[in-house]
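Report on the structure
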Amino acid sequence: MKYLLTRWMLQSVGRLSDGVRLGWRTGFDSGVMLEYVYENRPRGISPLGVWLDGLFLSNEVWDGVRSRRDLLIGQLTAALGYYERPTVFDMAAGVGSYLFALPSERATIVAGDFADEAVAAGQAKALRLGRADIVFRKSDAFRREGLACQAADV
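Below, the structure is looked at part by part. Remember, it's a predicted structure, so these values are computed and weren't measured experimentally.

Below, the discussion takes up the packing of aromatic side chains. According to the stated counting rule, one finds 4 aromatic pairs in the structure shown. Judged by centre distance (5.8 Å) and plane angle (70°), the ring pair of Phe 56 and Trp 62 falls under edge-to-face. As far as the burial class goes, Phe 56 and Trp 62 line up, both buried. One aromatic cluster is present, formed by Trp 24, Phe 28, Phe 56 and Trp 62 through successive ring pairs. Taking NZ or CZ as reference, Arg 69 lies 5.2 Å from the ring centre of Tyr 38, over its face. Sitting over the face of the ring of Phe 114, Lys 138 holds its NZ or CZ atom 4.4 Å from the ring centroid.

Listed below in C-alpha cells is the structure:
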C-alpha cells in the first residue's frame with residue numbers, strides 16, 4: 001500500500017517538483033538526475049512544488065548519493081597522485097559534476113555517456129568553466145568499440 005501511495009503521489013502532485021518531473025523525463029538514475037541531486041537546491045512549480053522538491057531531495061537515498069560523490073572525488077584525487085599526467089575515463093559520467101572537482105592541471109579527463117542531453121550539458125559546463133582538460137563524448141558502455149576512450153590510467 002505504501003508503494004502504491006508513493007507512486008500515485010509521484011505521478012500526480014509530485015510533478016509540481018522539478019526533481020520529480022526530471023526523474024520521470026530522464027530516469028531517476030540518469031546522470032542528469034544525479035546532477036540535480038548533487039546541486040541539492042529545491043525548485044518547483046509554486047511554493048508547494050518547491051516544498052515537495054525539498055522533501056524529495058532530503059530523502060536518505062539522495063544523501064547517500066551525495067556522500068558517494070564526495071568519496072569518489074577523494075579517491076580519484078588520490079589516484080591521480082600515482083601518475084604524472086594521467087588519462088581519467090568515466091564511461092557513464094552523466095554530466096560528471098564530480099569531475100569538475102578534480103585538479104585541472106593534473107589529468108586529461110574523458111567523460112562518456114550514452115545520453116545526448118548529458119553529453120551536451122557536460123560540454124557546456126566544461127566550456128563555461130574553462131575546463132579544456134575535460135572532454136565529453138557520446139559513449140556506449142556496453143560495446144568496447146563504442147567507448148569514448150580506448151585507453152586510460154584511471
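What follows is about the packing of helix α3 (residues 31-39) against helix α5 (residues 60-80). Viewed as axis vectors pointing N to C, α3 and α5 meet at an angle of 90°, and their least axial separation amounts to 10 Å. With respect to α5, the axis of α3 lies roughly perpendicular. Contacts between α3 and α5 pair Met 33, Leu 34, Val 37 and Tyr 38 from the former with Trp 62, Val 65, Arg 66, Arg 68 and Arg 69 from the latter. Each residue belonging to the contact of α3 with α5 can be placed in one class, and the counts come to 6 nonpolar, no polar and 3 charged.

Calculation criteria
In this convention, every chain numbers its residues from 1, walking through the sequence in written order. For a predicted model such as this one, the threshold for reporting local features is a pLDDT of at least 70, and the threshold for listing and counting side-chain atom pairs is 80 or more; totals across whole chains, interfaces and linings nevertheless cover every residue. Hydrogens are left out, water is left out, and the side-chain values use all remaining heavy atoms of the structure. Aromatic rings from Phe, Tyr and Trp, taking only the six-membered ring of Trp, are treated as a pair when their centres fall within 6.5 Å; an angle between ring planes under 30 degrees marks them as stacked, one over 60 as edge-to-face, and anything in between as tilted. Each residue is assigned to one of three classes by its accessible area relative to the maximum for its type, calculated with a 1.4 Å probe on protein chains only: buried under 20%, partly exposed between the two thresholds, exposed over 50%. Either the NZ atom of lysine or the CZ atom of arginine qualifies as a charge over a ring when it sits within 6 Å of the ring centre and within 35 degrees of the ring normal. Here, axes are lines fitted to C-alpha atoms. For helices the fit covers the stretch in contact, and angles between N-to-C directions go from 0 to 180 degrees. Secondary structure elements are taken from DSSP: a helix is a run of H or I of four residues or more, a strand is a run of E of two residues or more, and numbering for both begins at the N terminus. Here the word oblique covers every angle except those under 35 degrees (roughly parallel), over 145 (roughly antiparallel) and from 65 to 115 (roughly perpendicular). In this analysis, two residues are considered to be in contact whenever any of their non-hydrogen atoms come within 4.5 Å of each other. When residues are grouped by polarity, Ala, Val, Leu, Ile, Met, Phe, Trp, Tyr, Cys and Pro land in nonpolar, Asp, Glu, Lys and Arg in charged, and all others, Gly among them, in polar.

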